[in-house]
Amino acid sequence: MIQLPDSYQEYLDGKDEKFVQTIRPILMQSAADKLHGVRVIYNPGSTGHQAHLDETLPYGTIMEDID
């Protein structure tokens, strides 16, 4: 089983369950390949939160952004 790094687990602590379910698959993908960090984007007009791997971020890093 893939283990999330402490930085990802700390980021998820206290977050809403819907939010966690939305971004956990990308965090798991990042933890599996250990190559890139994750960018979490908030789009207030439509989809809410989205996450994707970001090759400009080092593994273990999460960056929040607004679209």
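Residues numbered from 1 in each chain as written. Predicted model: local features only at pLDDT ≥ 70, side-chain atom pairs only at ≥ 80, totals over all residues. Heavy atoms only, no water.

> Help me get a handle on the overall build of the protein, residues and values and all.
Across its full length, the protein holds two helices and three strands. In the protein, the succession of α and β elements from N to C terminus is α-α-β-β-β. Compactness check: the protein gives a C-alpha radius of gyration of 11 Å against a globular reference of 11 Å for 67 residues, within 12% of the reference. Dimensions along the principal axes, computed over C-alpha positions, put the protein at roughly 35 × 25 × 15 Å. With 67 residues in all, the protein has 36% of them scored as buried. Within the protein, counting contacts between residues at least 6 apart in sequence, those at least 24 apart form 44% of the total. When the accessible surface of the protein is summed, it comes to about 4,400 Å², and 50% of that surface belongs to carbon and sulfur atoms. Seen as two clouds, the 5 positive and the 11 negative side-chain charges of the protein have centres 3 Å apart. (Helix = DSSP H or I, 4+ residues; strand = E, 2+ residues; numbered from the N terminus. Rg over C-alpha atoms; globule rule 2.2 N^0.38 Å. Buried < 20%, exposed > 50% of the residue type's maximum accessible area, 1.4 Å probe, protein only. Contact = heavy atoms within 4.5 Å. Areas by Shrake-Rupley, 256 points an atom, 1.4 Å probe, with all protein chains shown as cover. Lys, Arg positive; Asp, Glu negative; His and termini not counted. Charge placed at Lys NZ, Arg CZ, Asp CG, Glu CD.)

> Please set out the nonpolar core residue by residue, giving values where relevant.
One finds Tyr11, Leu12, Ile23, Leu27, Val38, Val40 and Ile62 to be the most contacted residues of the largest nonpolar core, which totals 14 residues. Every element with two or more residues in this core is listed here: helix H1 (6-12), helix H2 (17-33) and strand E1 (37-43). If one sorts the elements of this core by residue count, H2 sits on top with six residues. Contacts of valine 40, omitting those with residues within four sequence positions, involve Tyr11, Phe19, Ile23, His49, Gln50, Ala51, Ile62, Met63, Glu64 and Asp65. (Core = buried A, V, L, I, M, F, W, Y, C linked by side-chain atoms within 4.5 Å.)

> Break down the confidence of the model for the protein for me, citing the residues and quoting the values.
For the protein, per-residue confidence averages 93 on the pLDDT scale, and 100% of positions sit at 70 or higher. The spread of mean pLDDT over the elements of the protein runs between strand E2 (residues 48-54), the lowest at 92, and H1, the highest at 96. (pLDDT = per-residue confidence, 0-100.)

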